[in-house]
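What follows is each chain in one-letter form.
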Amino acid sequence: MLSGIGAITAGAALIPVVQASNASTGNIVVGNKYKNNNQPDRKGMVGKRYAMVVDLRKCVGCQACTVGCSIENQAPIGQFRTTVKQYEVTLDDGSTGTKQVKSFMLPRLCNHCDNPPCVKVCPVQATYQREDGIVMVDNKRCVACAYCVQACPYDARFINEETLTADKCTFCAHRLEQGLLPACVETCVGGARIIGDLNNPSSEINRLLVEHKDELNNHLLK
């Protein structure tokens, strides 16, 4: 992500099976086992596979995405589903011995992983992944144990101070279902965020992934 385009992708849905109590969680129990994604309201947009590409060359750190997301999703003040971090790096010029300080922007949000560790650790199946790749949180089930917060490798989850449940980016799933763009994508002044359907070969996101395939592969190798 630091050298070119960073891809935040959503991969295959994970359907874990864990012990669950029907009385305590309200889950559907099949043979004393609960299948995470067997309810219609957890399927998402079947046939689609959402992912987001973030072009770091276009991000200017204006935080318009942060503000747009906060307004749209009403996160508590000081808590964010997405934000942009600014870092400074000191580079050495080997030929002259001089040092140069450069800053870069790094947008942060849920990566909607192929194999989400947050889903695995949730003891009440409040965190789940829809068939369209979007990782969601069921506030009715969440007990705020924060296991998912600790398991997230991207520090993209938090316990909402108002709802007292786990909170995170959802790609603004409620907007996608209405044919709208996520708030962060719509408000990005530099056009750095592109969301699309990986299952659609003609989508803009697939075009970008093909165009920058070598850059992305080099980044993954590093």
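Structure's up top.
Residues numbered from 1 in each chain as written. Predicted model: local features only at pLDDT ≥ 70, side-chain atom pairs only at ≥ 80, totals over all residues. Heavy atoms only, no water.

Enquirer: Help me out: how do you make sense of the nonpolar core in this one?
Expert: A general trend in soluble globular proteins is that nonpolar side chains are found buried together. Counting residues in hydrophobic clusters, the biggest one holds 26 residues, and the most contacted among them are Y50, M52, I134, F171, L176 and I195. Looking at this core, the elements that each hand over two or more residues are β4 (50-55), β6 (99-108), α5 (173-176) and α6 (183-187). A per-element tally of this core places β4 first, with three residues. L176 has contacts with M45, Y50, I134, F171, P182 and I195, leaving out every residue within four places of it along the chain. Ranked by size, the runner-up nonpolar core spans ten residues in total, among them C118, V119, A126 and C142. (Core = buried A, V, L, I, M, F, W, Y, C linked by side-chain atoms within 4.5 Å. Buried < 20%, exposed > 50% of the residue type's maximum accessible area, 1.4 Å probe, protein only. Helix = DSSP H or I, 4+ residues; strand = E, 2+ residues; numbered from the N terminus. Contact = heavy atoms within 4.5 Å.)

Enquirer: Just to check I follow, could you spell out helix α7 (residues 204-211) for this structure?
Expert: Residue pairs three or four apart in sequence face the same way in an α-helix, which turns once every 3.6 residues. Burial in α7 covers these residues: I205, N206 and L208. End-on view of α7: buried residues confined to an arc of 160°, all on one side of the axis. As for α7, its buried residues are in contact with β4 and β11 (193-197). (Arc of directions from axis to C-beta.)

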